[in-house]
Amino acid sequence: MFHGFDPATRELVFARRNRRSLALATLSYLLLFSAWVVLDTSKEKEVEVLLEPEVKDFAVEEQPEPEPEEEPPPPPPPELAPKPQVQKPKPKPRPEVPREIPKEAPPEQAKPAEDKNFGTGQPGTGTGTGKPKPEVKKPEVKKPDPPKPAKPAAEPIDPTKPVDRPEKASVPRADPGNKPPGYPSELRTAGVEGEVVVKLHVHRDGTVKGAKILRSSNTATGTDDQAAADKAFKSAVIAAIKVWKYSPSKLDGEPISVWIIVNFPFKLTAG
């Protein structure tokens, strides 16, 4: 009934045990993987929700930089430059000389009064009483100065629409509670720096109603990385300025809406 261990069947027994252990291990891994998949799919998926901004009429637009003006072509070298044409002066017409000179006696000279030696070849006696009349200068008449052109009247400013701040208007003052834009954590970890220049619309009530992004730059390498960093820096700036407050600009004591330019540098500090 009981048999002892047969050394001849040793290899067959161990081969069956190895196959059985391998099958059990594989089945255990499959059961664990299935349980993990079921638990992972049972979790709720995260859904991104876009919140409505606090300022409903807040507008953001990117203003492209003005294109550089084309430089005029260089002037041609003096060898190839056209020579100016010099006009020769026209000869003046000669005055017409009469063919026959009329023979007329010279007019008799008037005899000065009380000069006995007149006409005798002797020097005059100089006893004449005629005196030269003094020259009378005409008074200079000053011409009136031409009237100065009147300055054009300044156009009235609509206090509800933003304008470039006039020279006489005061500069808007930022509220001390305005928080600066947060540095994107992924860009801070990657050591990427940047800069965003924005033109803000500061309304007459002191709120920021809109912005124009003038320019932006960053130190990321690669086209895709630069675009991602540019988007992250702009998003951080827009999120911050939406809730900013200002003391509005005033012109003649009345608050007006103006544009102001603000620079936002993103710099990493050591330590």
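Values in this document were obtained by computation on a predicted structure and should not be read as measured data.

### Overview of the overall build of the protein chain
Item 1. Secondary structure assignment for the protein chain yields 3 helices and 9 strands.
Item 2. Listed N to C, the secondary structure of the protein chain is α-β-β-β-α-β-β-α-β-β-β-β in terms of helices and strands.
Item 3. Put simply, of all contacts in the protein chain between residues at least 6 apart along the chain, 74% involve residues at least 24 apart.
Item 4. Summed over its atoms, the accessible surface of the protein chain is roughly 25,100 Å², and 57% of this surface lies on carbon and sulfur atoms.

### Regarding the confidence of the model for the protein chain
Item 1. Here the protein chain averages 75 in pLDDT, and 59% of its residues register 70 or above.
Item 2. Per-residue pLDDT stays below 50 along residues 44–57; that stretch engages in 6 contacts with residues further than four places along the chain or on separate chains.

### Notes on the pattern of salt bridges
Item 1. Under the counting rule described, the total for this entry stands at 2 salt bridges.
Item 2. Close ionic contact of K234 with D230 constitutes a salt bridge, the shortest N to O distance being 3.0 Å. Taken as a pair, K234 and D230 lie in helix α3 (residues 223–241) at a separation of 4 residues, close to a single helical turn.
Item 3. Residue D230 is classed as buried on the basis of its relative accessible area, which comes to 18%.

### Brief notes about the packing of aromatic side chains
Item 1. Applying the stated criterion to the full structure yields 5 aromatic pairs.
Item 2. Measuring from ring centre to ring centre gives 5.6 Å for Y183 and F266, while their planes differ by 85°; the resulting arrangement is edge-to-face. A residue pair is termed long-range when its members are at least 10 positions apart, and Y183 in the loop between β3 (173–174) and α2 (185–190) and F266 in strand β9 (residues 258–266) qualify at 83 residues.
Item 3. Judged by its relative accessible area of 15%, Y183 falls in the buried class.

### Here we look at unusual backbone geometry
Item 1. In the Ramachandran plot, D252 falls in the positive-phi region, its phi being about 55° despite a non-glycine side chain.
Item 2. You can see D252 is positioned in the loop between β7 (249–251) and β8 (254–256).
Item 3. On the basis of relative accessibility, which here comes to 72%, the residue D252 falls in the exposed class.

### So, α3
Item 1. Over its 19 residues, α3 extends 27 Å from the first C-alpha to the last, a length consistent with the 27 Å expected when each residue adds 1.5 Å.
Item 2. Here α3 has its buried residues at A229, D230, A232, F233, K234, A236, V237, I238, A240 and I241.

### A look at the environment of T207
Item 1. Structurally, the position occupied by T207 is in the loop between β4 (194–202) and β5 (208–218).
Item 2. Counting along the chain gives 35 residues from T207 to K242, while the straight-line C-alpha distance between them is 8.4 Å.
Item 3. Apart from the residues within four sequence positions on either side, T207 is in contact with H201, V202, W244 and K245.
Item 4. Side chain to side chain, T207 and D205 meet in a polar contact 2.7 Å long.

### A few points about the pairing of β4
Item 1. Taking burial as the measure, the 9 residues of β4 include 8 buried ones, the bulk of the element.
Item 2. As paired strands, β4 and β5 are joined by 9 bridges and run antiparallel to one another. Considered in β5, the bridge of V198 is made with I213.
Item 3. Counted along the chain from β4 to the antiparallel partner β5, the turn is 5 residues long, and its residue G206 has a positive phi close to 95°.
Item 4. When β4 meets β9, the two strands line up antiparallel, connected through 9 bridges. What sits directly across from L200, in β9, is I260.

### Description of a nonpolar patch on the surface
Item 1. Taken together, the side chains of F33, W36 and V37 define a hydrophobic patch exposed on the protein surface, amounting to about 340 Å² of accessible area.
Item 2. Within the element layout of this structure, F33 appears in helix α1 (residues 10–41).
Item 3. When its relative accessible area of 53% is taken as the criterion, F33 is described as exposed.

### What to know about the side chain of S257
Item 1. Mapping S257 onto the fold places it in the loop between β8 and β9.
Item 2. Assessed through its relative accessible area of 0%, S257 is described here as buried.
Item 3. Within the structure, S257 has its side chain in polar contact with the side chain of H203 (distance 3.2 Å).
Item 4. For S257, the contacting residues outside a window of four places in its chain are P159, T160, K161, P162, V163, H201, V202, H203 and R204.

Each value, and the rule that gives it
Residues numbered from 1 in each chain as written. Predicted model: local features only at pLDDT ≥ 70, side-chain atom pairs only at ≥ 80, totals over all residues. Heavy atoms only, no water. Helix = DSSP H or I, 4+ residues; strand = E, 2+ residues; numbered from the N terminus. Contact = heavy atoms within 4.5 Å. Areas by Shrake-Rupley, 256 points an atom, 1.4 Å probe, with all protein chains shown as cover. pLDDT = per-residue confidence, 0-100. Salt bridge = Lys/Arg side-chain N within 4 Å of Asp/Glu carboxyl O. Buried < 20%, exposed > 50% of the residue type's maximum accessible area, 1.4 Å probe, protein only. Phe/Tyr/Trp six-rings, centres within 6.5 Å; stacked < 30°, edge-to-face > 60°. Expected span 1.5 Å × (residues − 1). Polar contact = N/O pair within 3.5 Å; in protein donor to acceptor, adjacent residues only side chain to side chain. Pairing = 2+ DSSP bridges. Patch = residues over 30% accessible without salt bridge, like charges linked within 9 Å, V, L, I, M, F, W, Y side chains within 5 Å.

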